[in-house]
Amino acid sequence: MSMEPANRPPLGVAMIGYAFMGKAHSNAWRNVASFFDVPAFEQKVLVGRDAAAVSEAAARYGWSETATDWRTVLDRDDIHVVDICAPGWMHAEIATAALEAGKHVLLEKPLANTLAEAEAMTTAAQEARTRGVQSMVGFNYRRVPALALAKELISEGRLGSVRQVRAAYLQDWLADDQAPMTWRLKKETAGSGALGDIASHAIDQVLFLLGEQVTEVSGRLQTFVDRRPGADGLEEVTVDDAAWATLALASGAIASVEASRVATGRKNSLQIEVYGDKGALRFDLENLNELAFLDSSAPAREQGFRRIVVTEPEHPYLDAWWPQGHTIGWEHTFTHEIRDFLLAIDAGAEPSPSFEDGLEVQRVLAAVEESAAAHSSTIQLQPAAQSSATVAAPAQTEGA
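Because the structure is predicted, anything quoted here is derived from the model rather than measured. (Residues numbered from 1 in each chain as written. Predicted model: local features only at pLDDT ≥ 70, side-chain atom pairs only at ≥ 80, totals over all residues. Heavy atoms only, no water.)

Engineer: Provide a residue-level description of helix α8 (residues 194-210), including the pertinent values.
Structural biologist: Structural remark: α-helix, 3.6 residues per turn; residues separated by three or four positions point the same way. The first and last C-alpha atoms of α8 sit 23 Å apart over 17 residues, in line with the 24 Å expected at 1.5 Å per residue. The largest bend in α8 amounts to roughly 40° and is located at S200. Burial runs high along α8: 17 of the 17 residues are buried. In the segment just after α8, G211 is the residue with positive phi, at about 65°. (Helix = DSSP H or I, 4+ residues; strand = E, 2+ residues; numbered from the N terminus. Expected span 1.5 Å × (residues − 1). Bend = angle between axes of the 7 residues up to and from the residue. Buried < 20%, exposed > 50% of the residue type's maximum accessible area, 1.4 Å probe, protein only.)

Engineer: Outline the pattern of salt bridges, supporting the account with residue identities and numerical values.
Structural biologist: Counted under the stated rule, the structure contains 23 salt bridges. Note that D340 and R143 form a salt bridge whose closest N and O atoms lie 2.9 Å from each other. Taken together, the positions of D340 in helix α9 (residues 332-347) and R143 in the loop between β8 (135-138) and α6 (145-155) put the pair 197 residues apart, joining distant regions of the chain. For the pair shown, D340 and R143 are each scored as buried. Residue K187 pairs with E369 through a salt bridge whose shortest N-O separation is 3.1 Å. You can see K187 sitting in helix α7 (residues 187-190) and its partner E369 sitting in helix α10 (residues 355-374), a full 182 residues away along the chain. Overlapping salt bridges bring together E42, K44, E65, R76 and D78 as one network. (Salt bridge = Lys/Arg side-chain N within 4 Å of Asp/Glu carboxyl O.)

Engineer: Account for the layout of surface pockets, naming residues and giving values.
Structural biologist: Within this model, the largest pocket holds a volume of roughly 870 Å³. Around the largest pocket, the lining comprises 41 residues; the ones closest to its centre are M21, C85, P87, W183 and R184. Of the residues forming the lining of the largest pocket, the biggest block, 4 residues, is contributed by α8. For the lining of the largest pocket, a count of residues per class yields 21 nonpolar, 14 polar and 6 charged. Two domains each put at least three residues into the lining of the largest pocket: domain 1 (11-140) and domain 2 (144-380). Empty space within the second largest pocket amounts to approximately 160 Å³. Lining the second largest pocket are R282, F283, D284, N287, E290, L291, A292 and R307. Broken down by secondary-structure element, the contributors of at least two residues to the lining of the second largest pocket are β16 (279-284) and β17 (290-295). The class makeup of the residues in the lining of the second largest pocket is 3 nonpolar, 1 polar and 4 charged. (1 Å grid on protein atoms, 1.4 Å probe; cavity = no way out; pocket = protein on both sides within 12 Å on 5 of 7 lines; lining within 4 Å. Points joined across faces, edges and corners; volume = space filled by probe spheres on them. Nonpolar A, V, L, I, M, F, W, Y, C, P; charged D, E, K, R; others polar. Domains from an automatic or database assignment.)

Engineer: Which residues make up the packing of aromatic side chains, and what are the values?
Structural biologist: Evaluated as defined, the whole model comprises 8 aromatic pairs. A ring pair is formed by F20 and W330, whose centres lie 5.9 Å apart and whose planes are at 10°; its orientation type is stacked. Of this pair, F20 sits in helix α1 (residues 20-35) while W330 is found in the loop between β18 (306-309) and α9, placing the two residues 310 residues apart along the sequence. Ring centres 4.8 Å apart and planes at 70° place the aromatic pair W330 and F334 in the edge-to-face group. The class for F334 is buried, based on a relative accessible area of 1%. An aromatic cluster of at least three residues, connected via ring pairs, comprises F35, F36, W321 and W322. Against the face of F208 rests K151, its NZ or CZ located 5.5 Å from the ring centre. Here the guanidinium or amino end of R282 rests over the ring plane of F305, the centre of that ring lying 4.1 Å away. (Phe/Tyr/Trp six-rings, centres within 6.5 Å; stacked < 30°, edge-to-face > 60°. Lys NZ or Arg CZ within 6 Å of the ring centre and 35° of its normal.)

Engineer: Lay out the sheet that holds strand β4 (residues 41-47) in plain terms, naming residues and giving numbers.
Structural biologist: The strand order across the open sheet built from 6 strands is β5-β4-β2-β6-β7-β8, with neighbouring strands paired in parallel fashion. The open sheet is flanked by β5 (65-67) and β8, the only strands paired with a single partner. Neighbour to neighbour, the strand axes of the sheet diverge by 20° on average, direction disregarded. As defined by bridge partners, strand β2 (residues 11-16) adjoins strand β6 (residues 81-84) across 4 bridges and the pair is classed as parallel. Each bridged residue has a counterpart across the sheet, and for I16 the counterpart in β6 is I84. The strands that α1 touches are β2, β4, β6 and β7 (104-108); relative to β4, the one it contacts most, it runs at about 165°. (Pairing = 2+ DSSP bridges. Axes fitted to C-alpha atoms, helices over the stretch in contact; angles between N-to-C directions. Contact = heavy atoms within 4.5 Å.)

What follows is the structure in C-alpha cells.
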C-alpha cells in the first residue's frame, strides 16, 4: 500500500523510453505500491519519439499521458521524478537537465557512454543533492534477494577475509553471425558492447559485495563478428562482443570479470563466486532464488556448499511477496529498486547505488578499454616450433 502524508501530494513520475527497459520499469511502477509501503506517486507521463508507439505503450503499461519531447516534461511542476530508460548516448544530456530542473532521477545503467560524461553527471548529482534532489543508477541486480543476502553474509564476516572473486556475465543473443545490426553494436550510440552492457553489472557486483574500490585493472576486448546485416546491407560492428578483466582491489583481493554476448547456450547467466579464508559463496542468475554457501568452520567431513533457497520472509525484500518457499523472478528486482528509490526520496537520504557508485563502475570500464587498446598486460609468446630451444637443437646436431 502507499504512504501519503496529509501535507505531501503524490509524486508525479515521468519515464523516458518504453522499449525493453521501459517495459521492465513500467511493470515495477505499476506493482510496487501493491506490495510495499511506499510514498504515493502517479504514473504521469511516458516519453518516446514515436507518437503512435508511445501512446500504445502508455495504454498498456499504465501511464496517464504521453509526450514526444522529454524537455517539455522537465518544465512541468507536477513531475517530481524522472526515470530514464533511454539508450546510453542520451543519458548525460537528459539526466543533467533533469537534475538541474530539480527532478529526482533514476537512471538505467551504465551511468554514461564515456568517463567524461559520467564525471560531469556525478558533479551535477552532487550539486543537486545540496538542494534535496536525489539520484540513483539502476544496477538492479543489487536487488536480487540472494545477492542482497550474499552482501549481508560478507559484511557479517561469514567468509572472513575475501581473497578472490569471479564474476562472469554470459549471453548468446549475438552468437549467430547473421543476427541483425542494432544501436547496441555501434560505439557512437552504445559506448561499448558487452563491456558496458553486461560487464558493468558484474563489476558493480564486485564493488557492491566487497564494498571497496578497484586499484588496478588489466583487460582485453574482442569482436568476433565485425560486420552484421543492417538496413543497407552489411554494417560494421564498432563495439566488443566479449570482454575480460582482472581487477585488484584495495584490500588485496583479486577479481576476474568476464562478459560475452556470443557465449552459445548461455541465455542470461550472471555467475558470481566469492572466496574468503573462512567461507565461500556461489550464485547464478539463471537460478536467481538460490545461493550456495560454504562455511569452512564446519568439521571437515561436513564441509561443502549448501543450497539456500532464498524465499523466506527473513531474507531481503521477501516479506512483501508470497508465502515462504514461493519463488520470485527477474522482474521483481526492478520493483525492489523502485521501492528503495521512493523510500530514499521520502527520507531525504542518498539512494544506492548513487551516481558516485556509477562513476566508479565507469572508471573501471574506461580502464579496461584503455588496457585492451594498449595491450599493456600482454606478453607475446612465440610458437613452440620457433622457440630458441627448438631452433638450437638442429644446430647442435650439425656441429657434432
